[in-house]
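Analysis of the macromolecular model
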Amino acid sequence: MAFSDFLFAVTVVPRRITEILSSPQEWHMGGLLGEVLCKTTYIIQDVSTAVSIQSLVIIAVDRFRSIVFPLKPYFITTSIRAILLFLTWVVAFGFHTPYIYTWRLVLQNNQTFCIYSWAPFYKQETVTRTYFLVLSCFLFFIPTVTMICLYCAIIVRLRQGQNTVINYSSNLRNSWNRRNRNVLNTVIAVVVVFILSWLPFNIVVYLFFFSWDSRPSCIARTIASYTVILAHTNNALNPYVIFAFSTNYRDGLRALFCHQKVRPRQTVRTEAKVVSGTDWTKNDQKSRCLQRITASQEQNKVLYDCYDTRL
């Protein structure tokens, strides 16, 4: 996801700045190189966005498995991660292969433009509408519903786990509450940022296709431009959301730039009361106390590991 967000910034920001300084879709390079750049720029832009969205879904699935089913074997190995990463790019590119045909250079009034067109083999309005419906369904609505369902299940599981640790020590309860708040904040932030970024854009495009005239007003076009910018900010906001709410990411960033070691997971100290008898010897008392404390720590450690939600 980080690499896709970086590619998105590299391809979108220069193009947007150029369009602001000149005119929309004007292309300042012609010939074969200009044609290649016209296609690859938009392909990389939307493929990177699709990879970022799929990565959010994969992260949600991984958190769901780790929190809701903590005792099941963790089957995602390094090789499986590499396969999943490769598949996100393959699927994203598969959705946007029509860009190879649709984006092209045209010459109008001695100016070169990079335009989106299905002509001459397809009817522009019908195919564009159908294609957008497919992209909107698979890259917005299905991921949104999936993440909402998974994160709702995570929230329910965390609240159930909170009731489980009531009878344990205050240190364990405080540690659980901190991790609980951390996960809940991250869950809410990821879903809210994703929906707020992409929902206005989808609404405006649906209005263009099904409600507004073929030539919308200047206000409608301005609103559409701002919704596109808002949708693009999702890729920029993802790193901030992760670093704002994830302890592991912040520790890793601090270790990277400050040459510090990543802070290890802290173990939870537990409180155990030992009842002493009048007929014990000092050695027996010491031995039995150690056994009692060790058993209590092991019991709490099992709970700590099973419900480990530190991100």
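What you see is a predicted model; the values in this text were computed from it and never measured.

**Focus: a nonpolar patch on the surface**
- On the surface, Ile58, Ile83, Leu84, Phe86, Leu87 and Val90 cluster together into a nonpolar patch covering about 510 Å² of accessible area.
- Looking at the nonpolar patch element by element, the count peaks at five residues for helix H3 (residues 78–95).
- The residue Phe86 is located in helix H3 in this model.

**What about the environment of Glu26?**
- Within the secondary structure, Glu26 sits in the loop between helix H1 (2–21) and helix H2 (31–68).
- Overall, Glu26 belongs to the buried group, its relative accessible area being 14%.
- Through-space distance from the C-alpha of Glu26 to that of Arg15 is 9.6 Å; in sequence the pair is eleven residues apart.
- Setting aside residues no more than four positions away along its own chain, Glu26 makes contact with Gln111, Thr112 and Phe113.

**Side note on H1**
- Under the 1.5 Å per step criterion, the end-to-end length of H1 is 29 Å for 20 residues, consistent within 8% with the ideal 28 Å.
- When H1 is considered as a whole, its buried residues turn out to be Ser4, Asp5, Leu7, Phe8, Thr11, Val12, Arg15 and Glu19.
- Along its buried surface, H1 packs onto H2, H3 and helix H7 (218–245).

**Focus on the pairing of strand S2 (residues 111–116)**
- When strand S1 (residues 103–108) meets S2, the two strands line up antiparallel, connected through six bridges. What sits directly across from Leu105, in S2, is Cys114.

**A word on the nonpolar core**
- Core analysis: the biggest nonpolar cluster contains 23 residues, and Met147, Tyr151, Ile154, Leu158, Val183, Phe194 and Trp198 have the highest contact counts within it.
- No other element matches the nine residues that helix H6 (residues 170–210) contributes to this core.

**Brief notes about the packing of aromatic side chains**
- Under the definition given, this model contains 22 aromatic pairs.
- Pairing Tyr116 with Trp118 gives two aromatic rings, centres 6.3 Å apart and planes at 90 degrees, and the pair type is edge-to-face. The two residues Tyr116 and Trp118 agree in class, both being buried.
- Considering the side-chain rings of Trp198 and Phe201, the 5.8 Å spacing of their centres and the 80 degrees angle between planes classify their relative orientation as edge-to-face. Of this pair, Trp198 and Phe201 both sit in helix H6, three residues apart, which is roughly one turn of the helix.
- Here Trp198 falls in the buried class, since its relative accessible area comes to 12%.
- For Phe201, a relative accessible area of 22% corresponds to the partly exposed category.

**Regarding the pattern of salt bridges**
- Inspection of every chain in the model, using the stated rule, returns two salt bridges.
- In this structure, the salt-bridge partner of Lys39 is Glu35, at a minimum N-O distance of 3.8 Å. In this pair, Lys39 and Glu35 both sit in helix H2, four residues apart, roughly one turn of the helix.

**Quick word on unusual backbone geometry**
- Residue Ala119 is joined to Pro120 through a cis peptide bond whose omega torsion reads 5 degrees.
- Mapped onto the fold, Pro120 is located in the loop between S2 and helix H5 (124–164).
- Its identity is not glycine, yet Asn109 carries a phi of approximately 55 degrees, on the positive side.
- Secondary-structure assignment places Asn109 in the loop between S1 and S2.
- The backbone of Asn110 sits at a positive phi, close to 60 degrees, despite the residue not being glycine.

**Things to note about helix H8 (residues 247–258)**
- Between its terminal C-alpha atoms H8 stretches 16 Å, which fits the 16 Å expected from twelve residues at 1.5 Å a residue.
- Here H8 has its buried residues at Thr247, Asp251 and Ala255. Considered in projection along H8, the buried side chains sweep an arc of 65 degrees and stay on one side of the axis. Exposed and facing more than 90 degrees away from the buried side of H8 are Leu256 and Phe257.

**Quick word on the side chain of Thr144**
- With respect to the element layout, Thr144 can be found in helix H5.
- Residues contacting Thr144, with those up to four places away along its chain left out, are Phe194 and Ile195.

**What about the state of the cysteines?**
- Taken as a whole, this structure holds one disulfide when the rule is applied.
- A sulfur-sulfur distance of 1.8 Å marks the disulfide that ties Cys38 to Cys114. Every disulfide takes its handedness from the sign of the S-S torsion; for Cys38 and Cys114 that torsion is 75 degrees, giving right-handed. One end of the pair, Cys38, is in helix H2; the other, Cys114, is in strand S2, and 76 residues separate them in sequence. With respect to burial, Cys38 and Cys114 carry one shared label: buried.

Calculation rules
- Residues numbered from 1 in each chain as written.
- Predicted model: local features only at pLDDT ≥ 70, side-chain atom pairs only at ≥ 80, totals over all residues.
- Heavy atoms only, no water.
- Patch = residues over 30% accessible without salt bridge, like charges linked within 9 Å, V, L, I, M, F, W, Y side chains within 5 Å.
- Areas by Shrake-Rupley, 256 points an atom, 1.4 Å probe, with all protein chains shown as cover.
- Salt bridge = Lys/Arg side-chain N within 4 Å of Asp/Glu carboxyl O.
- Helix = DSSP H or I, 4+ residues; strand = E, 2+ residues; numbered from the N terminus.
- Buried < 20%, exposed > 50% of the residue type's maximum accessible area, 1.4 Å probe, protein only.
- Contact = heavy atoms within 4.5 Å.
- Expected span 1.5 Å × (residues − 1).
- Pairing = 2+ DSSP bridges.
- Core = buried A, V, L, I, M, F, W, Y, C linked by side-chain atoms within 4.5 Å.
- Phe/Tyr/Trp six-rings, centres within 6.5 Å; stacked < 30°, edge-to-face > 60°.
- Arc of directions from axis to C-beta.
- Disulfide = S-S within 2.5 Å.

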